[in-house]
Each structure stands twice: as C-alpha cells, then as structure tokens.
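A look at the structure
What follows is each chain in one-letter form.
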Amino acid sequence: MARQTPLNAVHRELGGRMVDFAGWDMPVQYSSIIGEHETVRTAVGLFDVSHMGEIEFSGPGALETANKLITNDLSKCADGQALYAGLLNDAGGFVDDVVAYRFSPERILIVVNASNKDKDFAWMRARAEGVQPVDRSDDYAQIAVQGPKAVGLVQRLTPVDLTPVGTYRFTEGPVAGIACIISRTGYTGEDGFELYCAPGDAAALWRALLKEGEADGVKPCGLGARDSLRVEMKYALYGNDIDETHTALEAGLGWICKLDKAGGFIGRDALVKQKAEGVKRKLVGLEVTGSGIARHGYPLLKDGQRVGEVTSGTQGPSVKKPIAFGYVPVELAAEGATLDVEIRGRAVPVVVVKTPFLKKK
Amino acid sequence: MSSIPENLKYTQEHEWIRAEGNRLVVGITDHAQQTLGDVVYVELPKVGATVEMGAPFGTVESVKAVSELFMPVSGKVVKVNEEVVEDPELVNTDPYSDGWLIEIEPTDSKQVGELLDAAKYGELLKAE
C-alpha cells in the first residue's frame, strides 16, 4: 500500500491523477503537464512535496556532526541559510542529494529524497560522530510555491517581511496563520518558496494558497511538471542522473563539494584523487537534432558504438525541443560534440549543448 | 468520461478504425489520449508500408511516456496524417477527427469483424 501525504484527499478532490512514486501515492498531473509547467514558468504553481524526508541534528555539536556528512560547508554560512549538498560514499558517488538548513549551530535540518530517506537515515546514524540524527519526516508537510508570482503570493499571506529572505535563505513565521518554515528554495528554476508546516495544517495551507493565488492564476501541479521543469534547468534527479556509481565530479556537482573544508567529508579523498587524475566521463546536456525524444536509459552512440546513456530526457515544454542529459566520455563532452541516441533501434543525432537548456531573461 | 463514437471499431489497445469506402482510417481513442496526457511526438510508418494486425506500427509520446501503436487490422499504408506529425497535440484535441493517424487499404476486411464495437469497448473501459 502506497503511503499518503497529508494532502492526499485534497489531490483527489482536485482531480489529481495519482501514481505510485517511490512508494508514495502522488499526483502526476491535474489537468495537463504542459499546462502546469507553463503556469510555473509564467505565474505560480503549488507542488506537494511532503514525501521528502527531514532528518534533524540538534544539540551541542550538531553543526560539526552534520557538516562532516555533507559535501558543502555549513560552517561558512549564516544561521537562516540553506545549502544544496551531497551525501557521498567512500568512492565519491552519491548516497543522495540534499538541502541542509542551518537554524543555528545547534540545529541543522537535512531534507532528503523520499526514495532515499530510510537509506540516508541509516547511513547517517552509522557515520555520525557526535550528535545522533533524528528522523523528523512525520513532523513536516512541505508545499513548494514556485513561479514568478510565488513571492508576491506568499508575502500577501504572511506578516513576515520576506524581502531579506534571499535565495537559499529561510525564516520562520505564520503563513495564512499557520506556523511555517519559509524557505526561498525550489527545484524548478523559478523563484519561490518551499513551506514546511505541521502535517495537520497542510490542507488548510494548500487551500489558502489556492484561494489567495486565484488572481495570479495559481494551479496545483503534479510531479510530471516538476520533472519537465527541472530537466530544462539540468537539475539532477536521484536515481536517474546521480547515484552511487557516478561521482559528484562526473555529475558536474563539484561546486557543492568543498574539498578544502575543515574536517573534510565522506568521499572527499576519492574526489581529490579523481580530480588529480582527471575525470573520464561527464554528465552533459544534449539537444536532439534529429526526430524523436531521448529518454532515460536510451543508449548514446558514437560511430555506432555505445559510449554512454541518457539519464533524463523529455520534450522541453518551455524550450520547445527535445532535450536530454547523459554521461559521455570526456572527449565527447565538449559543447558542439555530436553523437547519436538510439531511439527504438534508430540512431538519431544529438549535439552536446550548454546548460541550463532554458536561458532565463 | 471518455467519448466512444458508435460508428467506429476498437481494439483492446485503444486504437479505433473508421471505414471510408474500401479504406480504413486508424487513430487512438479519447481514453488513450486522456491516459497519455499531452502528446508531444508521433512516429508513423511511411506510405506504402505493410502493416500487420496486432503488430506495432508507430509510437505516440507524451511528456512522460512512450506508447506503441498497434494495428487493428492488416493492410498497406496509403496515407499518413502529416499534420499530426507537425502538430501532435491534435491527438489530444481531436482524437477521432483531425487527430487521425494513418489510412490503410486492408488486405483482409474480415478482420474488422474481430474488433470491438462501441458497447464492448465501453465495457472494457469500465473494467479497467
């Protein structure tokens, strides 16, 4: 039986088409993936992301303990700041990608992928030197409010001045009278917030956002649009684009790995070695120049030989062309390099392009 | 609710056919397009290709998924809807008319009798 978020009944009432996602019963779309995608690019959309996991480190030493587990450096940021980071295995491959929130040196919250939550929690417990993590996933529902009209919408519902809450900053306060963590984060390439609240308050918060956002053209959005939005930005999806077998450097996520931070992190030595020896394969952006859509798992070919595979791909609703990404040998990773993708037995030309695919104005 | 026109025949895989003289027009049903969601790519055979009953003859792709198309009956492709290749959304907006896919000359018109009528297809959808 798939697990349900506190918004499950609301999704059904609103006509969400429900699918199993990582063991959760989630809406893939309400009306149309393309329509929901466009709403997020031009107005504002709501996503239920309550299935994500939250793991907390609290008490003296929380910062030091958490910081050794993640690749980015929480000691360099301020309270009220969040960081995108990796949890790596000893070989430098991804155990997960996460967002770490620094409330204070004594309270760190790490938000992990739903599909990895139990694995991550066990991994953290086994490796945490000092403060032990606590699984707080059942204490939080999470709603992502994304799009150019998201900030205005949330601001109208809260007395907290959101002006100082810049990108990857967060604050706490009531939204529509409901206690929330208000975080200027998201995974769509648009401005917006992720709101964390108590599960029992999630339905009321969702309805308040829908009502207040009516004039903005707000729409509830499903995981389908979330996927096409993040592909256009070349944001990685765990299990597709990043996993335990590909390193952070190969994935182009070296920027979230602070190799010289005090105390280091798990997987650091493997990355240092790989950096010195040179990365052999890279995750690149691809545009299909022939006819067809490249999808996850399709082989990438050079002169008929398999050299890699597509990790994510779709018809980009905003860029209006088929886009994909995948791992290729480094000698084929330069912008302009040409390859083929095998689509149902046909070799279809693709070219390596600069990412993100969507150029923001 | 999906629309199921009375004058068509249907497959278990959600294709329809319509007789036009001695030719048959093939498309996918309203239910199929609803299930797929936004259709963004359609791949069809070339005019002159031979197609076999029950065998795949092309694909439709939505943002999320790829679906194979299966021939309701055997025949030779005599016309391909180029407009739907250019504008795949027609499959969503008008699955029974402008969103048609191919036209064939059947090799064995008796095969049509093996397909589902509207009532039987309706029952199939209810059971799904």
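Residues numbered from 1 in each chain as written. Chains lettered and ligands numbered in written order. Predicted model: local features only at pLDDT ≥ 70, side-chain atom pairs only at ≥ 80, totals over all residues. Heavy atoms only, no water.

**A closer look at the overall build of chain B**
- When helices and strands are tallied, chain B shows four helices and nine strands.
- Scanning chain B from its N terminus toward the C terminus, one meets helices and strands in the order β-β-β-α-β-β-β-β-β-α-α-β-α.
- The C-alpha radius of gyration computed for chain B amounts to 13 Å, which stays within 12% of the reference 14 Å derived for 128 residues, consistent with globular compactness.
- Expressed as lengths along the three principal axes of its C-alpha atoms, the size of chain B is roughly 35 × 35 × 20 Å.
- Here chain B holds 128 residues, and the buried ones make up 53% of them.
- Look at the contacts in chain B between residues 6 or more apart in sequence, and 63% of them connect residues 24 or more apart.
- For chain B, the computed accessible surface area is about 6,200 Å², with 48% contributed by carbon and sulfur atoms.
- Put simply, chain B has 10 plus and 24 minus side-chain charges, and the middle of one group is 6 Å from the middle of the other. (Helix = DSSP H or I, 4+ residues; strand = E, 2+ residues; numbered from the N terminus. Rg over C-alpha atoms; globule rule 2.2 N^0.38 Å. Buried < 20%, exposed > 50% of the residue type's maximum accessible area, 1.4 Å probe, protein only. Contact = heavy atoms within 4.5 Å. Areas by Shrake-Rupley, 256 points an atom, 1.4 Å probe, with all protein chains shown as cover. Lys, Arg positive; Asp, Glu negative; His and termini not counted. Charge placed at Lys NZ, Arg CZ, Asp CG, Glu CD.)

**Quick notes on the sheet that holds strand β9 (residues 141-146) of chain A**
Residue and element names in this part refer to chain A.
- Pairing within the open sheet is mixed, and its six strands lie in the order β10-β11-β12-β9-β3-β13. Only two strands of the sheet have a single neighbouring strand rather than two, namely β10 (170-175) and β13 (219-220).
- Summarising the sheet, β9 and strand β12 (residues 192-197) pair through six bridges and their orientation is antiparallel. Following the sheet pairing, A144 is matched in β12 by E194. (Pairing = 2+ DSSP bridges.)

**Details of the pattern of salt bridges**
- For the structure on display, the rule yields 31 salt bridges over all chains.
- When the shortest N-O distance is used, the salt bridge between E287(A) and K321(A) registers 3.6 Å. Placement of the pair is E287(A) in strand β14 (residues 281-288) and K321(A) in strand β17 (residues 321-329), with a sequence separation of 34 residues.
- Since its relative accessible area comes to 32%, K321(A) is described here as partly exposed.
- Put simply, E61(B) and R295(A) hold a salt bridge, and the shortest N to O gap is 2.8 Å. (Salt bridge = Lys/Arg side-chain N within 4 Å of Asp/Glu carboxyl O.)

**Re the interface of chain B and chain A**
- In this complex, chain B contributes 14 residues to the contact, which on the side of chain A involves 18 residues.
- A combined buried area of about 1,300 Å² lies between chain B and chain A, and 48% of that area is made up of carbon and sulfur atoms.
- At the junction of chain B with chain A, the criterion picks out four salt bridges.
- A salt bridge links R346(A) to E43(B); the nearest nitrogen and oxygen atoms lie 2.9 Å apart. (Buried area = accessible area lost by both parts, 1.4 Å probe.)

**Points about the pairing of strand β4 (residues 39-43) of chain B**
All names here are of chain B.
- Among the five residues that make up β4, four are buried, leaving the element largely enclosed by the rest of the structure.
- Relative to strand β6 (residues 56-62), β4 is paired through four bridges, and the arrangement is antiparallel. In the strand pairing of β6, Y41 is matched with E61.

**Looking at helix α4 (residues 117-127) of chain A**
All names here are of chain A.
- Regarding α4, the residues found buried are K117, D120, F121, W123 and M124. For α4, the angular spread of the buried residues around the axis is 165°, confining them to a single face. Turned more than 90 degrees from where α4 packs its buried face, D118 and A126 sit exposed.
- Residues of α4 that are buried in the fold lie against β4 (53-58), α3 (62-69), β5 (81-88), β6 (94-104), β7 (107-112) and β8 (134-135). (Arc of directions from axis to C-beta.)

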